[in-house]
Amino acid sequence: MQAMLSQMMEEITSMAISILLLFIVALSLAAVFIKDLLTCIILMSAASLLGALVFYIANAPDVAITEAAVGAGLSNIAFLWILRATKEAKKR
Amino acid sequence: MKFREQAPGMAACLIAAMIMAPIFFLKAPWPVQLRDRYEAHTIEETGARNVVSAIYLGYRAFDTLGEAIVLFIAVLGTLHVMQQSSSNSKAELARWNQSRNASNGSTVRFITGKVGPIILVFGFYVMTFGYSSPGGGFQGGAVLASGIIFIALGYIRTKRTALKQMKDLHHIEVVSFVLLIAAFFSGIVVGTGFLANPFSHDDIQPVVFITLLNIIVGIKVGASIGLLAIAMYAGDIHE
């Protein structure tokens, strides 16, 4: 009984990871091929957030914290500021 | 949708697939000797329950030293560029101040002033308890940096205040870098060797060393990433 339950949990976990990875691939492809840069930045942020979820499910909470703080937070702030700075430079 | 516009993206996807494919189709088992060794000996050798902390501050502390030096050099370069470009004309300074004054109003100041300190406290928590729970110096440092950015968003009004805040962050970073090197060399003074834990032979718990290093690394990473972000926020485009 115990063994069957743990095996079922393992299968559910691996299935959830596969679905999340498919979402990440779809978001990344959209970020590569969409023209609007602001949309691209938000899509990349969503992909990093799903990546953090995958790391957490795969028992790596350290990496999940780093991915959420750096991948979904800081790098997107940097990209947004760069986008604004280039827009201001274009306006002049 | 023209082919020529999409070609770089398709090429990037193809290269990424070619690099990742061997990893996915690999049938050989992963090596497990090192993993088992860390699992069996980490607590008695370093005292840290979180194996990741034990690896990057204990077994692989030399790599952490290299990473700290890389961040330090990046910050030095940014400060150099900023100081050279900060002596620009009065009209440009006035225009910069005006555009920034319009963009952050009192609502932003109010909210960032309330939420920023909470983020800072959480960053210190992640650093201090990195030895037993998920997190550590680099993660806590990233959280600290987002708190610093939050506070800077509300309180940086003129370019001069931005430069002053960057100088202060740079001083914090230099002091923590010196402390980090002193902590790494302290093993030589005690007699355990370079990068080694000086507390392992005393009745002080060896975890103290990991926690100390976590806090120093966290403050250093937080100060330098915050500094780089403020430099990007305050830096003007020069043509």
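The structure this text deals with has already been given above.
This one's a predicted model, so the numbers in the text were calculated from it and none came from an experiment.

About the thresholds
- Residues numbered from 1 in each chain as written.
- Chains lettered and ligands numbered in written order.
- Predicted model: local features only at pLDDT ≥ 70, side-chain atom pairs only at ≥ 80, totals over all residues.
- Heavy atoms only, no water.
- Helix = DSSP H or I, 4+ residues; strand = E, 2+ residues; numbered from the N terminus.
- Rg over C-alpha atoms; globule rule 2.2 N^0.38 Å.
- Buried < 20%, exposed > 50% of the residue type's maximum accessible area, 1.4 Å probe, protein only.
- Contact = heavy atoms within 4.5 Å.
- Areas by Shrake-Rupley, 256 points an atom, 1.4 Å probe, with all protein chains shown as cover.
- Salt bridge = Lys/Arg side-chain N within 4 Å of Asp/Glu carboxyl O.
- Polar contact = N/O pair within 3.5 Å; in protein donor to acceptor, adjacent residues only side chain to side chain.
- Nonpolar A, V, L, I, M, F, W, Y, C, P; charged D, E, K, R; others polar.
- Phe/Tyr/Trp six-rings, centres within 6.5 Å; stacked < 30°, edge-to-face > 60°.
- Expected span 1.5 Å × (residues − 1).

(A) Region of interest: the overall build of chain A. Of the regular secondary structure elements, chain A holds 3 helices and 0 strands. Ordered by position in the sequence, the α and β elements of chain A form the string α-α-α. Taken over the C-alpha trace, chain A has a radius of gyration of 18 Å; the compact-globule value for 92 residues is 12 Å, which it surpasses by more than 25%. Dimensions of chain A, computed from C-alpha atoms along their principal axes, come out at roughly 70 × 25 × 10 Å. The proportion of buried residues among the 92 residues of chain A is 27%. Relative to all contacts within chain A whose residues are 6 or more apart in sequence, the contacts with residues 24 or more apart total 50%. About 6100 Å² of surface is accessible on chain A, with carbon and sulfur atoms providing 75% of the total.

(B) The arrangement of the interface of chain B and chain A in detail. Counting residues at the interface gives 25 residues for chain B, matched by 20 residues for chain A. In this structure, the connection of chain B to chain A is made through 0 salt bridges. Taken together, the links from chain B to chain A amount to 4 residue pairs in polar contact (both at pLDDT 80 or more). Taken together, the residues that form the side of chain B that touches chain A break down as 14 nonpolar, 6 polar and 5 charged.

(C) Spatial organisation of the side chain of Thr-42 of chain B. Residue and element names in this part refer to chain B. For Thr-42, the position within the fold is in helix H2 (residues 33–46). A polar side-chain atom of Thr-42 sits 2.3 Å from the main-chain carbonyl oxygen of Tyr-38. Thr-42 has contacts with Gly-47, Ala-48, Val-51, Ala-54 and Tyr-59, leaving out every residue within four places of it along the chain.

(D) Expanded view of the pattern of salt bridges. All names here are of chain B. Within this structure, the stated rule accounts for 4 salt bridges over all chains. We note a salt bridge from Arg-35 to Asp-36, for which the minimum N-O separation is 3.4 Å. Residue Lys-164 pairs with Asp-168 through a salt bridge whose shortest N-O separation is 3.4 Å. With Lys-164 and Asp-168 both in helix H8 (residues 159–190), this residue pair falls 4 residues apart, about one helical turn. For Asp-168, a relative accessible area of 36% gives the class partly exposed.

(E) Summary view of the packing of aromatic side chains. All names here are of chain B. Under the definition given, this model contains 6 aromatic pairs over all chains. With centroids separated by 4.6 Å and ring planes inclined at 10°, the aromatic side chains of Phe-72 and Phe-177 adopt a geometry described as stacked. Of the two residues, Phe-72 is situated in helix H4 (residues 61–85) and Phe-177 in helix H8; the sequence distance between them amounts to 105 residues. Accessibility classification places Phe-72 together with Phe-177 in one group, the buried group. An angle of 35° between the planes, with centres 5.0 Å apart, marks the rings of Tyr-125 and Phe-129 as tilted. Take Tyr-125: its relative accessible area is 44%, and that puts it in the partly exposed class. Taking the relative accessible area as the measure of exposure, Phe-129 reaches 37% and is therefore partly exposed. Grouping aromatic residues by their ring pairs yields a cluster made of Phe-122, Tyr-125 and Phe-129.

(F) Helix H1 (residues 2–33) of chain A, seen in detail. Residue and element names in this part refer to chain A. For H1, which comprises 32 residues, the first-to-last C-alpha distance of 47 Å matches the rise-based estimate of 46 Å (1.5 Å per residue) to within 8%. Those residues of H1 that fall on the buried side of the exposure criterion are Ile-17, Leu-20, Ile-24, Leu-27 and Ala-31. Contacts made by the buried residues of H1 are with helix H2 (37–57).

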